[in-house]
Amino acid sequence: MVRGFGWAAAFPDEVWEHVFSFLAADADRNAVALVCRAWHRIERRSRRRVFVGNCYAVAPAAAVRRFPEVRAAAIKGKPHFADFNLVPTDWGGGAEAWVEAMAEGWPHLEELRLKRMVVSDDCLELIARSFKNFGVLSLVSCDGFSTAGLAAIAANCRNLRELDLHENEVEDNCLNWISHFPESFTSLVSLNIACLEGDVNTSVLECLISRCPNLRTLRLNHAMPLEKLVSLLQRAPQLMDLGTSKFSADHHPELFFKLESTFAGFKHLKSLSGIWEAGPAYLPAIYSVCESLTSLNLCYATIQSPELFKLVSRCKNLQRLWVMDLIEDNGLIAVAASCKLLQELRVFPSDPYGVAPPISLTEHGLVAISAGCLMLHSVLYFCRQMTNAALLTIANNRPNLTCFRLCIIEPHTPDYISQEPLDAGFSAIVESCKDLRRLSLSGLLTDRVFKSIGASANRLEMLSVAFAGDSDAGLHYILSGCKNLRKLEIRDCPFGDKALLDNASKLETMRSLWMSSCSVTLGACRQLALKMPRLNVEVIDERRGRPLESWPDDFPVEKLYIYRTVAGPRSDTPPCVWTV
Amino acid sequence: MSTTETGCSSTEPEVTGGLGYAETELTLGLPGAGGSRPSETDRKRGFAEAVGLNLEAASRGEHCGARSSDSSDGPVSGAVKPSAAKAQVVGWPPVRSFRRNALRSCTYVKVAVDGAPYLRKVDLEAHGGYEQLLAALEEMFSCFTVRHYPDERRLVDPVNGTEYVPTYEDKDGDWMLVGDVPWKMFVASCKRLRLMKSSDAINLATRMPQECSNK
């Protein structure tokens, strides 16, 4: 490399800093840092945002040392499959190490976003005390803390703008945590407490809302009764994003009228969610805001089809729709006709474990959406039947798909008309959708589909596979292809040692690989770990008590998590996890 | 919660129609969704019917006594078995735990103790029967120990010997003694729990015939 471009030295550092400030993407900033020492130095001192996709990929102290002026950090912990109970609860992902290092090295930190991490109340207290200008706390799918921890945040973070609690398991031991926001506190812009189970003191909340004129997002939990919700909402007509509480009550015309006029008062509402336990009586109160909504999340609303259909078809400007399969094919056909700006659709199962669903949601609904919604690029769809023909149609209709996650509820389900595997259908998806970044497979699939994916899915970054494939060849196709693959998660597939070892170096180009209930042996893990010192090869086994060293090479590995790291083996592994 | 999903309800004789016990269940409509608990949509949709069914079932209480042996499910979270042969696969379909919990969150009830300033919450569905629930309450309010009487259980504060009787408020707003009705019916109708000093509990609703109390 050319040593220190002479012309680089002609400009003061501040000029380069200013130039670099136009680079938002981490990848670009990383590239800049490799050009010369001067740029490396300037870039690292001016980096303000850090994203750590795997909290164990780098030591907290190292990250803090390298980028001393960070103002916003986002960190992720557990593997994605932790969402589905596949990862032991004590696996790790604790936030303490990171919070302690940040408290020490980033006193000016303003934003912290943690996902799938174990966050204790002590952590929250440390956060509350350590960062004078703390403004944004976002906890997504975390656990380990209680409302007492939230009270500490409320009491101490004088400039808090955003408190976003999304789908966390929070223990409710401090009933009045909201009252810990001091009277002088007025900076709140966004409050999301939808995941809290306890009752929230409505009058305290009303006071809080009344004195925060910049409040734009308010997502409540389901515990608040409808009458109280109405009086609360009347204090915040400027809301842009609302998550309601329970949307049912005994029918009182007066309450309905109040609710209706409250909603009519929302001139800026773009996003609506919550609507727990919605009864048909109160839904029409929402109609006045439908036209302006760009995002509608009904995935917890067990509304039946006619009311659901009436509601959604009024939302002509919808860009994002999350809904239960109670919408049925007819409902989706109506959406396809009304919601021409739709970009993202997620359809969740109302009864994932039932066997004879009365729900008439099939491949037809998704095909209709793919035909009618030209801007559709992101799909999550739970259903019980699919055909290759439908997938082909979807692929041809929507080559602009970037995220396609299909979950056919019963494993190994073939094309229900031809009884063939769904290889052809998914192959069509990856061949047609050149910008596909995320893909989840399901149904009956052979190695053939992996051949197509390996060959065609050049932009694919995340792939989820379950109950698929015939042999190691399947895994080999993926690992030897898919140039941009970052995260691969596999369960219950007959993939084994050979594909893993033959593609060992690929693993260092990826963030992580999860394999559970596959055919990998301990011997292969040992070989892999030896060959690739910058991978942590974690074997997870909750059954045995004996230490890893005593097991033979042919011991079948139940769960395997491999990730690249510059921090070496971690020191906080629980008894059921061994770093090979 | 996670690994216990597999197979612990495999010995249950219920499920698709025709069984007397199924009739006292609050499930309606979805065949095969009998499992350990009514499915979420049934509970939501059938709310109005549920109250009516409750009354009906109460009068057929004797039937459930014979079947009370199958009420002791493990802490199953939604592991409804579609048929006797199929085991529930852990983590499939990939529905997030939070979502599964949220959709059945109506079984969380508040627990109040006379004289204590704090409330706790307990998920009724996480317990297979009255024994487990009482054990959980015992743990939650760790000052208490369970004392067994021939026909009911009480919690005792060992410090002063005060006895507490677990009571609950049902959907009709009546306060009843815990343990009177079949477990499933209790889970479905209980709105909140109160550990009442036994001296205050004397006037509670009369109890059902003894065959209905579960283990």
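Please read these numbers as outputs of a predicted model, since none were measured by experiment.

Trainee: Would you mind showing me how to read the packing of helix H2 (residues 13–20) of chain A against helix H4 (residues 37–46) of chain A here?
Mentor: Describing two packed helices takes the angle between their axes plus the distance from one axis to the other. Residue and element names in this part refer to chain A. For the pair H2 and H4, the least separation of the axes is 10 Å and the interaxial angle reads 65°. The two elements H2 and H4 cross, and the hand of that crossing is right-handed. In contact with Asp13, Trp16, Glu17 and Phe20 of H2, H4 contributes Trp39, Arg41, Ile42, Glu43 and Ser46. Taken together, the residues of the contact of H2 with H4 break down into 4 nonpolar, 1 polar and 4 charged.

Trainee: Looking at this structure, how should I read the UniProt feature "domain: F-box" (unreviewed entry) in chain A?
Mentor: The sites that carry the UniProt feature "domain: F-box" (unreviewed entry) are, in the present numbering, residues 11–52 of chain A. Between the end C-alpha atoms of residues 11–52 of chain A there is a gap of 31 Å, over a span that is 62% helix and 10% strand.

Trainee: Explanation requested: the environment of Arg45(A) in the structure shown.
Mentor: Residues and elements named next belong to chain A. Looking at where Arg45 falls in the secondary structure, it is placed in helix H4. C-alpha of Arg45 to C-alpha of His80: the two residues are 35 residues apart in sequence and 32 Å apart in space. Every residue in contact with Arg45, bar those within four places of it in the chain, is listed here: Pro68 and Glu69.

Trainee: How do you make sense of unusual backbone geometry when you look at a structure like this?
Mentor: Most peptide bonds take the trans form, and the phi angle of most residues other than glycine is negative. Residues Trp92(B) and Pro93(B) are joined by a peptide bond in cis, for which omega reads -5°. Note that Pro93(B) resides in the loop between helix H4 (61–67) and helix H5 (97–103). For Ser141(A), which is not a glycine, the phi torsion comes out positive at approximately 50°. Looking at the element boundaries, Ser141(A) is found in the loop between strand E4 (136–140) and strand E5 (143–146). On the accessibility criterion, Ser141(A) (12% relative accessible area) is buried. In this structure, Cys482(A) takes a positive phi of about 40° despite not being glycine. Examined against the element boundaries, Cys482(A) turns out to sit in the loop between helix H19 (472–480) and strand E19 (487–491).

Trainee: Which parts of the structure should I look at to understand the pattern of salt bridges?
Mentor: A pair can form between side chains of opposite charge whenever their charged atoms are brought close. All names here are of chain A. All told, the structure shown has 30 salt bridges over all chains when counted by the stated rule. Salt-bridge contacts for Arg49 lead to Glu111; the nearest nitrogen and oxygen are separated by 2.9 Å. Of this pair, Arg49 sits in strand E1 (residues 49–52) while Glu111 sits in strand E3 (residues 111–115), and the two are 62 residues apart along the sequence. Among the residues examined, Arg49 registers a relative accessible area of 49% and is labelled partly exposed. Between Glu542 and Lys559 there is a salt bridge whose closest N-O contact spans 3.5 Å. Of this pair, Glu542 sits in the loop between strand E21 (535–540) and strand E22 (559–564) while Lys559 sits in strand E22; the two residues are 17 residues apart in sequence, bridging distant segments of the chain.

Trainee: Any chance you could explain the packing of aromatic side chains here in plain terms?
Mentor: Residue and element names in this part refer to chain A. A full pass over the atoms with the stated rule returns 28 aromatic pairs over all chains. On the numbers, 5.5 Å between centres and 80° between planes, the contact of Phe11 with Trp16 is edge-to-face. Relative accessible area serves as the criterion here: at 42%, Phe11 is assigned to the partly exposed category. Take Trp16: its relative accessible area is 9%, and that puts it in the buried class. Here the aromatic rings of Phe404 and Phe426 are separated by 6.3 Å at their centres, their planes lie at 65°, and the arrangement is edge-to-face.

Trainee: How should I be thinking about helix H6 (residues 96–105) of chain A in this particular structure?
Mentor: Note on helix geometry: an α-helix contains 3.6 residues per turn, so any two residues three or four positions apart are oriented the same way. Buried within H6(A) we find Trp98(A), Val99(A), Ala101(A), Met102(A) and Ala103(A). Residues of H6(A) that are buried make contact with E1, helix H5 (60–66), strand E2 (72–76), E3 and helix H7 (121–130) of chain A.

Here is what the cut-offs are and how they apply
Residues numbered from 1 in each chain as written. Chains lettered and ligands numbered in written order. Predicted model: local features only at pLDDT ≥ 70, side-chain atom pairs only at ≥ 80, totals over all residues. Heavy atoms only, no water. Axes fitted to C-alpha atoms, helices over the stretch in contact; angles between N-to-C directions. Helix = DSSP H or I, 4+ residues; strand = E, 2+ residues; numbered from the N terminus. Left-handed = near helix turned anticlockwise from the far one by under 90°. Contact = heavy atoms within 4.5 Å. Nonpolar A, V, L, I, M, F, W, Y, C, P; charged D, E, K, R; others polar. UniProt positions renumbered as here; feature names shortened; annotations may be inferred. Buried < 20%, exposed > 50% of the residue type's maximum accessible area, 1.4 Å probe, protein only. Salt bridge = Lys/Arg side-chain N within 4 Å of Asp/Glu carboxyl O. Phe/Tyr/Trp six-rings, centres within 6.5 Å; stacked < 30°, edge-to-face > 60°.

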